[in-house]
Amino acid sequence: MAVALSRCLCRVLTRQAAPSSFLLGGHHHAVQSPWFAPAMTLKTSAPLRAEPKKKKKVDPRREQVIRDRLKKKLKKLEKVPPELIPIEDLIIPTKCLDETRERSAPRLPFEESEGRALLLKEWSRYKQEQHMAEVQAVELALDAQREALEELKLESEELYQAALKPDPLLFPFTHKGPTYTPPKTDYEAPDGKYNDITKVYTQ
């Protein structure tokens, strides 16, 4: 049925367009019929099946809750003290903290271990006596110096003030190390090649 209708429509349209083309003669291309358009003028558009996006309803309470949470997080971060930059020179490497011995300690006989313990006790006793003697000698020297200064102050104030001044000639010692070659005054030591592995910390 649809095929028959389309054929009838084509016949009617061709009959209506025939006299117009006969009257116009060779200029029939100037006036185009709305029923018969060239194939180049036909244009198609892509089917638009998408619906327009619906705007989400913004809940002011929900936004306020989110803001309050962010404020709480910021307050917690402010309470945390800033991390100090570590000093790598004072950090002991982990390989040095390993106390496992590669070689086992030799087993000493009982007499040898007892002799070493007694020797260590005797050595510590000797060093303690030596330390106490040095402390006593220093205290005696300071007491003698204090008594001498007091007696000098009673005799002459000028000599007392002169005695309190430091003596630059007390240790007249100058030393210069030996050198294999004389130093070059205009020599600039090169830095050399090195890889900078300094860590950069950001707070």
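Here we take up the overall build of the protein chain. Each helix and strand in the protein chain was counted, giving four helices and zero strands. Its helices and strands in sequence order give the protein chain the pattern α-α-α-α, from N to C terminus. Going through the 203 residues of the protein chain one by one, you find that 0% of them count as buried.

To continue, consider the confidence of the model for the protein chain. Here the protein chain averages 78 in pLDDT, while 74% of its residues score no lower than 70. Low confidence marks residues 16-31, where pLDDT is under 50. Its contacts with residues over four positions away, or in another chain, come to three contacts.

Once that is clear, we can look at a positive patch on the surface. On the surface, a cluster of positive charge is made up of Arg-67, Arg-69, Lys-71, Lys-72, Lys-73, Lys-75, Lys-76 and Lys-79. Looking at the element boundaries, Arg-69 is found in helix α2 (residues 60-79).

Right, let's talk about α2 for a bit. Here α2 spans 29 Å end to end across 20 residues, near enough to the 28 Å set by a 1.5 Å rise per residue. Across the 20 residues that make up α2, only a small minority, zero, are buried.

So, about the packing of aromatic side chains. Enumeration according to the criterion identifies one aromatic pair in this entry. Ring centres 5.7 Å apart and planes at 40° place the aromatic pair Trp-123 and Tyr-126 in the tilted group. Of this pair, Trp-123 and Tyr-126 both sit in helix α3 (residues 110-155), three residues apart, which is roughly one turn of the helix.

Moving on, we come to a nonpolar patch on the surface. A cluster of nonpolar side chains, namely Leu-120, Trp-123 and Tyr-126, defines an oily patch on the protein surface of about 380 Å² accessible area. Along the polypeptide, Leu-120 turns up in helix α3. Judged by its relative accessible area of 59%, Leu-120 is exposed.

With that settled, the discussion passes to the pattern of salt bridges. Here the structure, examined in full by the defined rule, presents two salt bridges. Taking the shortest distance from any N to any O, the salt bridge between Arg-116 and Glu-112 comes out at 3.3 Å. A residue pair is termed a helical-turn pair when its members lie 3 or 4 positions apart in one helix, as Arg-116 and Glu-112 do in helix α3 at four residues. Assessed through its relative accessible area of 36%, Glu-112 is described here as partly exposed.

This part covers a negative patch on the surface. Taken together, the side chains of Glu-147, Glu-150, Glu-151 and Glu-155 present a region of like negative charge at the surface. With respect to the secondary-structure elements, Glu-150 resides in helix α3.

Let's shift gears to the packing of α3 against helix α4 (residues 157-164). As a packed pair, α3 and α4 sit with axes 6 Å apart at the nearest point and diverge in direction by 145°. Between α3 and α4, the contacting residues are Leu-149, Leu-152 and Lys-153 on the first element and Glu-157, Leu-159, Tyr-160, Ala-163 and Leu-164 on the second. Residue composition of the contact of α3 with α4, by class: six nonpolar, no polar and two charged.

Quick notes on the rules
Residues numbered from 1 in each chain as written. Predicted model: local features only at pLDDT ≥ 70, side-chain atom pairs only at ≥ 80, totals over all residues. Heavy atoms only, no water. Helix = DSSP H or I, 4+ residues; strand = E, 2+ residues; numbered from the N terminus. Buried < 20%, exposed > 50% of the residue type's maximum accessible area, 1.4 Å probe, protein only. pLDDT = per-residue confidence, 0-100. Contact = heavy atoms within 4.5 Å. Patch = residues over 30% accessible without salt bridge, like charges linked within 9 Å, V, L, I, M, F, W, Y side chains within 5 Å. Areas by Shrake-Rupley, 256 points an atom, 1.4 Å probe, with all protein chains shown as cover. Salt bridge = Lys/Arg side-chain N within 4 Å of Asp/Glu carboxyl O. Lys, Arg positive; Asp, Glu negative; His and termini not counted. Charge placed at Lys NZ, Arg CZ, Asp CG, Glu CD. Expected span 1.5 Å × (residues − 1). Phe/Tyr/Trp six-rings, centres within 6.5 Å; stacked < 30°, edge-to-face > 60°. Axes fitted to C-alpha atoms, helices over the stretch in contact; angles between N-to-C directions. Nonpolar A, V, L, I, M, F, W, Y, C, P; charged D, E, K, R; others polar.

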